[in-house]
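What follows is each chain in one-letter form.
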Amino acid sequence: MAALDRPVAKPRPVYLNLFAIRQPLPAIVSILHRISGALLFLIGIPLLLWVVQRALASPDAWAQMRTALGHPVAKLTLLVLAWAYFHHFLAGIRHLVMDLHIGMDLPAARRSGAFVLVLAVVLTLAVAVKLW
Amino acid sequence: MTRNRIVVGAHYGWRDWLVQRISAVVMALYTLLILGLLLWFGGLDYDAWKATFASEPFRLATFVFMLSLLWHAWVGVRNIAMDYIKPVSLRLTFEVAVIALLVGYTGWTIQVLWGGI
């Protein structure tokens, strides 16, 4: 098609303000995948190594570690990390399934996205019940 | 052509993409293993924990999990850096710091797994 035949372009916004655009559900799942991954990197990995180290050091160190993790701030941190792990895990599985070209159309992607969001929260609530 | 290459890019291959996915599968399998152990022991106490880690195959599996985790973290953090940190000097500095941290975590992992033997 020659350039002159193109229909006149509709006026479009000239900037992309992420906070002014209503994000579709798969986009929310995607940004949470990134945020949860960052949390797991920043807090999850060092905390995991510390916990395993303390847990293997001695019965006393084990008990001290359990006491430290019983602190309300520690419990809240564990809960946030539990959510991050569940969300990242489930959203990752969703990606792997999509890599196999399953569930690629928009309605299916919306359904699986909602499933990931909800299941991660449900599993986190189960951990919350266990922690408190 | 080569002049347009980005020093701090993803190196134009699908290797990182593949590493991200393979390491994800390894971690998912290890997660299932841990879940199975938790169900088997019906929770965690010091003795069960210690006995589990006394097994050399379990230690090796844990090491493979940790290497997958750290390599997976590298791919993810580098992707984030490529999106938000634009100046090459800043991004390179950040990436070097992350690599140093991840290598340090690898050393810590080895110490935790085999340091007590």
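The structure this text deals with has already been given above.
Let me begin by describing the structure that accompanies this report. Computed from a predicted structure; not experimentally measured.

1. Let's talk about the overall build of chain B
Then step 1. A count of helical and extended segments in chain B gives 4 helices and 0 strands.
Then step 2. Secondary structure elements in chain B, listed N-terminal to C-terminal, are α-α-α-α.
Then step 3. Against the globule reference of 13 Å for 117 residues, chain B gives a C-alpha radius of gyration of 18 Å, more extended than a compact globule.
Then step 4. Based on the C-alpha atoms only, the size of chain B along its principal axes is roughly 60 × 25 × 20 Å.
Then step 5. If you average the places of the 9 positive and of the 6 negative side-chain charges in chain B, the two averages end up 16 Å apart.

2. A look at the nonpolar core
In globular proteins that are soluble, nonpolar side chains generally tend to be buried together.
Then step 1. One finds A:Phe41, A:Ile45, B:Trp49, B:Phe53 and B:Leu102 to be the most contacted residues of the largest nonpolar core, which totals 32 residues.
Then step 2. The set of elements that each furnish at least two residues to this core consists of helix H1 (25-57) and helix H2 (59-69) of chain A together with helix H1 (15-41), helix H2 (46-54), helix H3 (56-84) and helix H4 (88-114) of chain B.
Then step 3. Take this core: its biggest share by element is 10 residues, from H3(B).
Then step 4. Ignoring anything within four residues of it in the chain, the contact list for B:Leu102 reads A:Phe41, B:Leu70, B:Ala73 and B:Trp74.
Then step 5. Membership of the second largest hydrophobic core comes to 9 residues, among which are A:Val29, A:Leu81, A:Leu90 and A:Val116.

3. Thoughts on unusual backbone geometry
Among all residues except glycine, the phi angle is most often negative; among peptide bonds, the trans geometry is most common.
Then step 1. Positioned with a positive phi, A:His101 is a non-glycine residue whose angle comes to about 65°.
Then step 2. Inspection of the secondary structure puts A:His101 in the loop between helix H3 (72-99) and helix H4 (106-131).

4. Topic: H3(B)
Then step 1. Between the first and last C-alpha of H3(B) there are 42 Å, a value that for 29 residues agrees with the 42 Å anticipated at 1.5 Å per step.
Then step 2. Backbone nitrogen of B:Phe58 and a side-chain oxygen of the N-cap are separated by 3.1 Å at the start of H3(B); the cap is B:Ser55.

5. What to know about the side chain of A:Arg94
All names here are of chain A.
Then step 1. With respect to the helices and strands, Arg94 occurs in helix H3.
Then step 2. Among buried Asp, Glu, Lys and Arg side chains, Arg94 stands out as unpaired, with Asp105 the closest opposite charge at 10 Å.
Then step 3. Residues contacting Arg94, with those up to four places away along its chain left out, are Pro26, Val29, Ala109, Ser112, Gly113 and Val116.

Definitions and limits used
- Residues numbered from 1 in each chain as written.
- Chains lettered and ligands numbered in written order.
- Predicted model: local features only at pLDDT ≥ 70, side-chain atom pairs only at ≥ 80, totals over all residues.
- Heavy atoms only, no water.
- Helix = DSSP H or I, 4+ residues; strand = E, 2+ residues; numbered from the N terminus.
- Rg over C-alpha atoms; globule rule 2.2 N^0.38 Å.
- Lys, Arg positive; Asp, Glu negative; His and termini not counted.
- Charge placed at Lys NZ, Arg CZ, Asp CG, Glu CD.
- Core = buried A, V, L, I, M, F, W, Y, C linked by side-chain atoms within 4.5 Å.
- Buried < 20%, exposed > 50% of the residue type's maximum accessible area, 1.4 Å probe, protein only.
- Contact = heavy atoms within 4.5 Å.
- Expected span 1.5 Å × (residues − 1).
- Polar contact = N/O pair within 3.5 Å; in protein donor to acceptor, adjacent residues only side chain to side chain.
- Salt bridge = Lys/Arg side-chain N within 4 Å of Asp/Glu carboxyl O.

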